[in-house]
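Chain and residue survey
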Amino acid sequence: MRQGTALPVFLRRFFIAGFFVFLFSGVSFSQCVKKVTIRQAFAEIERKSDYKVAFSKGDIDETQQVNFAFSESEKIGKQLKSLLEGTGLSFEIIDDQIIILPQKPDAVKKKSPNG
């Protein structure tokens, strides 16, 4: 085999391997984080999962914008925790129902006069 043809074969294999790495890495990053209202995020959870989301309209600010991207590979509890961070809301999951609740205030810690 001539040495001049080995380089193009190597380069072709390198580019083919690189193409497949690029192709498959795109799959894991295909989730697009978008800014939506909290109500739209709940609707997307219902569309893309087996869960139903229940909340009292008075408990949520329906105009509040949140960053959200539903991921089928990430646990729903982790997604909800991230979604609700800073909103003053918490959640409970009972069977296939997600219940959105006002966040309970942290217990007030009393400080002693001596610090």
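Predicted model only: the values in this text are computed from it and were never measured. (Residues numbered from 1 in each chain as written. Predicted model: local features only at pLDDT ≥ 70, side-chain atom pairs only at ≥ 80, totals over all residues. Heavy atoms only, no water.)

**Here we look at the overall build of the protein**
Helix and strand counts for the protein come out as three helices and five strands. Ordering the α and β elements of the protein from the N terminus gives α-β-α-β-β-α-β-β. In the protein, of all internal contacts separated by at least 6 residues, the share reaching a separation of at least 24 is 54%. For the protein, the computed accessible surface area is about 9,400 Å², with 58% contributed by carbon and sulfur atoms. (Helix = DSSP H or I, 4+ residues; strand = E, 2+ residues; numbered from the N terminus. Contact = heavy atoms within 4.5 Å. Areas by Shrake-Rupley, 256 points an atom, 1.4 Å probe, with all protein chains shown as cover.)

**Comments concerning the pairing of strand S3 (residues 65–68)**
Residues Val66 and Phe68 point to one face of S3 and are all buried, whereas Gln65 and Asn67, pointing to the other face, are not buried. Where strand S1 (residues 34–37) and S3 come together, four bridges link them in antiparallel fashion. Each residue of the ladder has a partner; that of Lys34, found in S3, is Phe68. (Buried < 20%, exposed > 50% of the residue type's maximum accessible area, 1.4 Å probe, protein only. Pairing = 2+ DSSP bridges.)

**Concerning the packing of helix H2 (residues 38–48) against helix H3 (residues 76–84)**
At their nearest, the axes of H2 and H3 sit 12 Å apart, and the two run at 170° to each other. Taken as axis vectors, H2 and H3 run roughly antiparallel relative to one another. Contacts from Ile38, Ala41, Phe42 and Ile45 in H2 reach Ile76, Leu80, Leu83 and Leu84 in H3. Taken together, the residues of the contact of H2 with H3 sort by class into eight nonpolar, no polar and no charged. (Axes fitted to C-alpha atoms, helices over the stretch in contact; angles between N-to-C directions. Parallel < 35°, antiparallel > 145°, perpendicular 65-115°, else oblique. Nonpolar A, V, L, I, M, F, W, Y, C, P; charged D, E, K, R; others polar.)

**Some points on the pairing of strand S4 (residues 89–94)**
Pairing of S4 with strand S5 (residues 97–102), which is carried by six bridges, proceeds in the antiparallel orientation. Pairing of Ser90 across the sheet is with Leu101, part of S5. In textbook terms, the turn of a hairpin is the stretch between consecutive antiparallel strands, and for S4 and S5 this stretch comprises two residues, one of which, Asp95, has a positive phi near 55°.

**Brief notes about the nonpolar core**
Counting residues in hydrophobic clusters, the biggest one holds 17 residues, and the most contacted among them are Phe42, Ile45, Leu83 and Ile100. When residues of this core are traced back to their parent elements, those giving at least two are H2, S3, H3 and S5. The contacts of Leu83, once residues within four sequence positions are left out, are Ala41, Phe42, Ile45, Val66 and Phe68. (Core = buried A, V, L, I, M, F, W, Y, C linked by side-chain atoms within 4.5 Å.)

**Digging into the environment of Ser73**
Tracing the chain through its elements places Ser73 in the loop between S3 and H3. Within polar-contact distance, the side chain of Ser73 engages the side chain of Ser71 at 3.1 Å. (Polar contact = N/O pair within 3.5 Å; in protein donor to acceptor, adjacent residues only side chain to side chain.)

**Observations concerning the confidence of the model for the protein**
The share of residues in the protein with pLDDT of 70 or more is 68%, and the mean pLDDT across the chain is 78. Averaged pLDDT values for the elements of the protein fall to 59 in helix H1 (residues 3–28) and rise to 96 in strand S2 (residues 52–54). For residues 25–30, every residue scores under 50 in pLDDT, and the model assigns this stretch zero contacts once sequence neighbours within four places are set aside. (pLDDT = per-residue confidence, 0-100.)

**Brief notes about the packing of aromatic side chains**
Across all of its chains, the model carries one aromatic pair by this definition. Ring centres of Phe42 and Phe55 lie 5.4 Å apart, and the angle between their planes is 45°; this geometry places the pair in the tilted category. Here Phe42 is found in helix H2, whereas its partner Phe55 is found in the loop between S2 and S3, with 13 residues between them in sequence. (Phe/Tyr/Trp six-rings, centres within 6.5 Å; stacked < 30°, edge-to-face > 60°.)

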